[in-house]
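Chain and residue survey
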Amino acid sequence: MTVTLEVADGVGTLRLDRPPMNALDVATQDRLRELAEEATRREDVRAVVIYGGEKVFAAGADIKEMQVMDHAAMVLRARALQDSFTAVARIPKPVVAAVTGYALGGGCELALCADYRIAGENAKLGQPEILLGLIPGAGGTQRLSRLIGPSKAKDLIFTGRQVKADEALTLGLVDRVVPAGEVYEAAHAWAARLAKGPAIALRAAKESVDTGLETDIETGLAVERNWFAGLFATEDRERGVRSFVEEGPGKAKFL
């Protein structure tokens, strides 16, 4: 399998495994969607790490496969491509990308689908599609501009240049940089901490933020308001408030 889902202690690791560069061919895209949907359904998965291995995250699409596709073929495929990445972005649980080596094109777009990105010092990210006479097609024009702003996103998309981990951190393209050998450990620790949190409240927080970014503020406030009130019906809310009153902040244990 080119993508696997391994679950331990509430953390599901979506592992890309298509040597040597984890090129995202059609089969890998479809498998990614299937496993993202599985991670969404499974109650034993409370947080997710996306990982490509120690050497490379994902170097982009399978160019040889794309070379034989004409306009008609891509018209049929483009939506499925986007849907695969959207399935990752819509996992209603905390998702962290553990980025080592290259995260280019579709690899960068996959990292953009995470809620948080931890990069190794050896990481290089970018959207080089313009160098092929193309534009990002798996959400890059939309997610990148929402994350780092339109001007910075246009610079990366227009030039196709790669940025190293330190510049990616400055741009806001990644959230943390660690030594290359510590990327997965750091990402897993981030996910494991949240896997112990209140699952419904985390889902509410993620949906409220994501919806607010995609719509007007009044709609976003309505989503937030409905989730906020609804959480008062949950056992986690009762457990969290009781623990705060009796023991102080930060000591609640959620199921």
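Structure: above.
Let me sum up the structure you'll find in this document. Only a predicted model underlies this, so the values are computations on that prediction, with no experimental measurement involved. (Residues numbered from 1 in each chain as written. Predicted model: local features only at pLDDT ≥ 70, side-chain atom pairs only at ≥ 80, totals over all residues. Heavy atoms only, no water.)

This paragraph deals with the pattern of salt bridges. Side chains that differ in sign of charge can pair as their charged atoms come close. Evaluation of the coordinates by the stated rule reveals 14 salt bridges. Residue Glu 38 pairs with Arg 42 through a salt bridge whose shortest N-O separation is 2.9 Å. By relative accessible area, Glu 38 is classed as partly exposed at 24%. Since its relative accessible area comes to 27%, Arg 42 is described here as partly exposed. When salt bridges that share partners are traced, they join Arg 18, Asp 25 and Asp 62 into one network. (Salt bridge = Lys/Arg side-chain N within 4 Å of Asp/Glu carboxyl O. Buried < 20%, exposed > 50% of the residue type's maximum accessible area, 1.4 Å probe, protein only.)

Our focus in this paragraph is helix 8 (residues 183-195). In a regular helix each residue adds 1.5 Å, so 13 residues correspond to 18 Å; helix 8 covers 18 Å between its end C-alpha atoms and thus fits that length. Of the residues making up helix 8, those classed as buried are Val 183, Ala 186, Ala 187, Ala 191 and Ala 195. Next to the buried residues of helix 8 lie strand 2 (11-16), strand 3 (47-51), strand 4 (95-99), strand 6 (116-120) and strand 9 (176-178). (Helix = DSSP H or I, 4+ residues; strand = E, 2+ residues; numbered from the N terminus. Expected span 1.5 Å × (residues − 1). Contact = heavy atoms within 4.5 Å.)

Of all hydrophobic cores here, the largest spans 45 residues; its most connected members are Phe 57, Leu 125 and Leu 173. Looking at which element gives the most residues to this core, the answer is helix 3 (residues 71-89), with 5 residues. Residue contacts for Leu 173: discarding those within four places in its chain leaves Cys 108, Leu 112, Arg 117, Leu 125, Leu 144, Leu 147, Ile 148, Leu 156, Val 163 and Ala 168. One finds Ala 47, Val 49, Ala 98 and Ala 195 within the second-largest nonpolar core, a separate group that totals 13 residues. (Core = buried A, V, L, I, M, F, W, Y, C linked by side-chain atoms within 4.5 Å.)

Turning our attention to the sheet that holds strand 3. As summarised here, the arrangement of the 6 strands in space is 1-2-3-4-6-9, forming an open sheet in which the pairing is mixed. The open sheet is flanked by strand 1 (3-8) and strand 9, the only strands paired with a single partner. Neighbour-to-neighbour, the strand axes of this sheet turn through a mean angle of 20°, independent of strand direction. Across 6 bridges, the pairing between strand 1 and strand 2 is antiparallel. Counted as the bridge partner of Val 3 is Leu 16 from strand 2. In the packing of helix 8 onto the sheet, the strands contacted are strand 2, strand 3, strand 4, strand 6 and strand 9, and the crossing angle to strand 4 comes to about 175°. (Pairing = 2+ DSSP bridges. Axes fitted to C-alpha atoms, helices over the stretch in contact; angles between N-to-C directions.)

This is a description of form; function is not addressed.
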